[in-house]
Amino acid sequence: MSDDVQPTFREHLKKEIAGFLWLGSGLYVLLSLLSFHDGDPSFNNNLHPAVVHNYGGTVGAHLADLCYQLFGLPALLLPAVQFLFAWRLLKFRDVHVRLYKTIAVIILLFSLSGLVALHWQRVTFFGQPLSEAGGATGRPPVDTLSGSLNLGGAPPLPSGFFPGVPVPPPPFPLVFFL
């Protein structure tokens with residue numbers, strides 16, 4: 001006989017409920033981010049429109065505005081992380097939130113914010129303008145790097161944290177420094 005203990009019905013039910021909660025929250029955040037409208041109420045304006053255009057309502061409008069102001073376009077990674085949690089739980093697998101994985105996701109979010117801010121300052125997303133494409137977390141490092149290294153030398157530093165972005169080769173051979 002095997003010593004493997006089969007999970008009980010209650011454990012499966014807990015994982016399934018948690019998975020559906022993560023899936024629902026991910027869909028809510030994604031719909032709130034995708035239906036962002038500049039004229040909706042947020043923390044920065046005192047608008048009280050008769051119609052809120054955000055599919056998440058007033059709470060979704062505030063959430064989308066906060067996410068876009070903090071992280072810019074890379075805020076769309078937040079629902080992806082929620083969908084990953086939901087998928088793991090709905091497949092009845094354990095979700096182990098480890099410190100190094102959490103730090104890696106945070107570094108990814110900040111690096112992508114910096115790269116997006118480096119390439120675009122303002123962007124129109126589904127017809128709505130975003131004042132900062134990289135958000136508040138992307139603009140200060142880009143201003144520092146662009147001022148110190150110029151616009152050509154700044155991209156390799158943030159993309160070094162994110163290995164999926166190809167780093168352009170330096171304009172000079174590194175053999176001269178050896």
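Numbers given to residues run from 1 along each chain, matching the order in which its sequence is written. For a predicted model such as this one, the threshold for reporting local features is a pLDDT of at least 70, and the threshold for listing and counting side-chain atom pairs is 80 or more; totals across whole chains, interfaces and linings nevertheless cover every residue. Neither water nor hydrogens contribute to the side-chain values; these are computed over all heavy atoms in the structure.

### Section: the packing of aromatic side chains
Rules: Within 6.5 Å between ring centres, the rings of Phe, Tyr and Trp (the latter by its six-membered ring) count as paired, and their orientation is classed by plane angle as stacked under 30 degrees, edge-to-face over 60, tilted in between. Per the convention used, a helix needs a DSSP run of H or I reaching at least four residues, while a strand needs a run of E reaching at least two, with both numbered from the N terminus. Think of it in three bands: residues with accessible area under 20% of the maximum for their type are buried, residues over 50% are exposed, and the middle band is partly exposed, with areas taken using a 1.4 Å probe on protein chains only.
Tallying each qualifying case throughout the model produces 3 aromatic pairs. Judged by centre distance (5.3 Å) and plane angle (75 degrees), the ring pair of Phe36 and Tyr68 falls under edge-to-face. Highlighted residues: Phe36 in the loop between helix H1 (9–34) and helix H2 (57–71) and Tyr68 in helix H2, separated in sequence by 32 residues. Exposure class is identical for Phe36 and Tyr68. Each is buried. Ring geometry for Phe71 against Phe110: centres 6.2 Å apart, planes inclined by 75 degrees, an arrangement best described as edge-to-face. Taken as a pair, Phe71 in helix H2 and Phe110 in helix H4 (residues 99–119) lie far apart in primary sequence, 39 residues in all. A relative accessible area of 14% places Phe71 in the buried class.

### Topic: a nonpolar patch on the surface
This is how it is decided: A patch is a set of surface residues, each over 30% in relative accessible area and not in a salt bridge, joined within 9 Å for like charges and within 5 Å for the nonpolar side chains Val, Leu, Ile, Met, Phe, Trp and Tyr. Only the protein chains shown count as cover for residues, and the accessible areas themselves come from Shrake-Rupley with a 1.4 Å probe. When a carboxyl oxygen of Asp or Glu is within 4 Å of a side-chain nitrogen of Lys or Arg, the pair counts as a salt bridge.
Side chains of Phe9, Leu13, Ile17 and Leu21 sit close together on the surface and give an oily, nonpolar patch of about 450 Å² of accessible area. Relative to the helices and strands, Ile17 resides in helix H1. Judged by relative accessible area, Ile17 falls into the partly exposed class, the value being 48%.

### What to know about H1
Worth spelling out the cut-off: Working rule for helices: expected span equals 1.5 Å times residues minus one. Contacts were defined at the residue level, with two residues in contact if any of their heavy atoms lie within 4.5 Å.
Helix length check: H1 (26 residues) gives 37 Å between terminal C-alpha atoms against 38 Å at 1.5 Å per residue, within 8%. Inspection of H1 places Gly19, Gly26, Val29, Ser32 and Leu33 among the buried residues, and these make up the whole buried set. Those residues of H1 that are buried are in contact with H2, helix H3 (77–90) and strand E1 (123–125).

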